[in-house]
Amino acid sequence: MSEPSVLTERIGAVLVVTLNRPQVRNAVDADLAGRVADALEQADADAGIRCLVLTGAGEKAFCADLAALGRGELPLAAGREHYGFAGFVRHPISTPVVAAVNGAAQGGGTELVLASDVAVAADTATFGLPEIARGIFAAAGGVLRLPEQLPRKVAMRLPEQLPRKVAMRLILTGEAMSAQDAVRWGLVNDVVRASDVLPTALALAERIAANAPLAVQASKRLALGMVDGDLPHEAAAWERNEAEIAAVGRSADAMEGIVAFLEKRDPTWTAS
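Below: a short report on this structure. None of the values given here were measured: they were computed from a predicted structure.

Reading the values: rules and limits
Residues numbered from 1 in each chain as written. Predicted model: local features only at pLDDT ≥ 70, side-chain atom pairs only at ≥ 80, totals over all residues. Heavy atoms only, no water. Buried < 20%, exposed > 50% of the residue type's maximum accessible area, 1.4 Å probe, protein only. Helix = DSSP H or I, 4+ residues; strand = E, 2+ residues; numbered from the N terminus. Contact = heavy atoms within 4.5 Å. 1 Å grid on protein atoms, 1.4 Å probe; cavity = no way out; pocket = protein on both sides within 12 Å on 5 of 7 lines; lining within 4 Å. Points joined across faces, edges and corners; volume = space filled by probe spheres on them. Pairing = 2+ DSSP bridges. Right-handed = clockwise from strand over helix to strand, strands pointing away.

### Topic: helix H10 (residues 252–262)
Residues of H10 that are buried: Asp253, Ala254, Glu256, Gly257, Ile258 and Ala260. Looking at the buried residues of H10, the elements they touch are helix H2 (67–70) and helix H9 (235–249). Two residues or fewer after H10 comes Lys264, characterised by a positive phi angle close to 55°.

Shown next, in the form of structure tokens:
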């Protein structure tokens, strides 16, 4: 029998959740999304779980398979579609989530990182929103949340508007960002050797889990603006997001982008 699409392991007070489809770069389908949603619900329901670590199986990808669109894989949890991509991006939980980015985090992978509270990345990891080069856009929170990321404090003074321009370059070009640039601009907290990603994320999760759990959860809810398991300040933006992706998704360019990707050729855009 094949292994499940998501593996979970309890390590003390930490629940490690591993996306387990390395053969397709840990692409998200309905089964994986449902299992991730289950793990998130388990974390919030179990007082003994004080932090969650999200990572990917294998050495190449955290979550990065754009071809999943061409295969028709629905990246939503059946019956819990309102949780968003991978059962996660619109499913905020009180339990802190640490992303352990073991490889390429492209498209939905970057959106999973944006939905996490803190992140540790391998020095070989890459980030990006390549959907725009395939006729659609990053509608699982990428376009909404990427401009919100703030830069790290660095020795040199940077213009306040630069982070937004960095975000807009990613959004509008679909180009990849290195792990080193990701930590510079605040998309991730730390960059380490690939072999150290999970141990570093676990150590960070254990530090979080060592604190008073009710205070940690309340702090997260207040910091994120969570109310009754939702983020009301994002509601209007998500409504606009859904309207835009519905319109773009019906376009001839959206079909052309996916077909061209599968046929390994440059797309021919018609703006229709």
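### Concerning the layout of surface pockets
Approximately 930 Å³ is the volume found for the largest pocket. Lining of the largest pocket is provided by 35 residues; of these, Leu69, Pro75, Phe85, Ala139 and Ile245 occupy positions nearest its centre. Breaking the lining of the largest pocket down by element, the ones donating at least two residues are H2, helix H3 (108–115), H9 and H10. The element that contributes the greatest number of residues to the lining of the largest pocket is H9, accounting for 5 residues.

### With respect to the sheet that holds strand S9 (residues 177–178)
Strands sit in the order S4-S6-S8-S9 across an open sheet of 4 strands; the sheet is mixed. The open sheet has two edge strands, strand S4 (61–63) and S9, and neither has a second partner. Both strand S8 (residues 126–128) and S9 contribute to a ladder of 2 bridges, which runs antiparallel. Pairing of Thr126 across the sheet is with Ser178, part of S9.

### Thoughts on the pairing of strand S3 (residues 51–56)
S3 sits mainly inside the fold: 6 of its 6 residues count as buried. Of the two faces of S3, the one carrying Cys51, Val53 and Thr55 and the one carrying Leu52, Leu54 and Gly56 are both buried. A crossover links strand S2 (residues 14–19) with its parallel partner S3, the connecting element being helix H1 (residues 30–45), and its sense is right-handed. Bridging between S3 and strand S5 (residues 97–101) involves 4 bridges; their strand directions are parallel. Pairing of Leu54 across the sheet is with Ala99, part of S5.

### Quick word on H3
Within H3, 8 of the 8 residues are buried, which leaves it mostly tucked inside the rest of the structure. Looking at H3, one finds that the buried residues are Gly108, Gly109, Thr110, Glu111, Leu112, Val113, Leu114 and Ala115.

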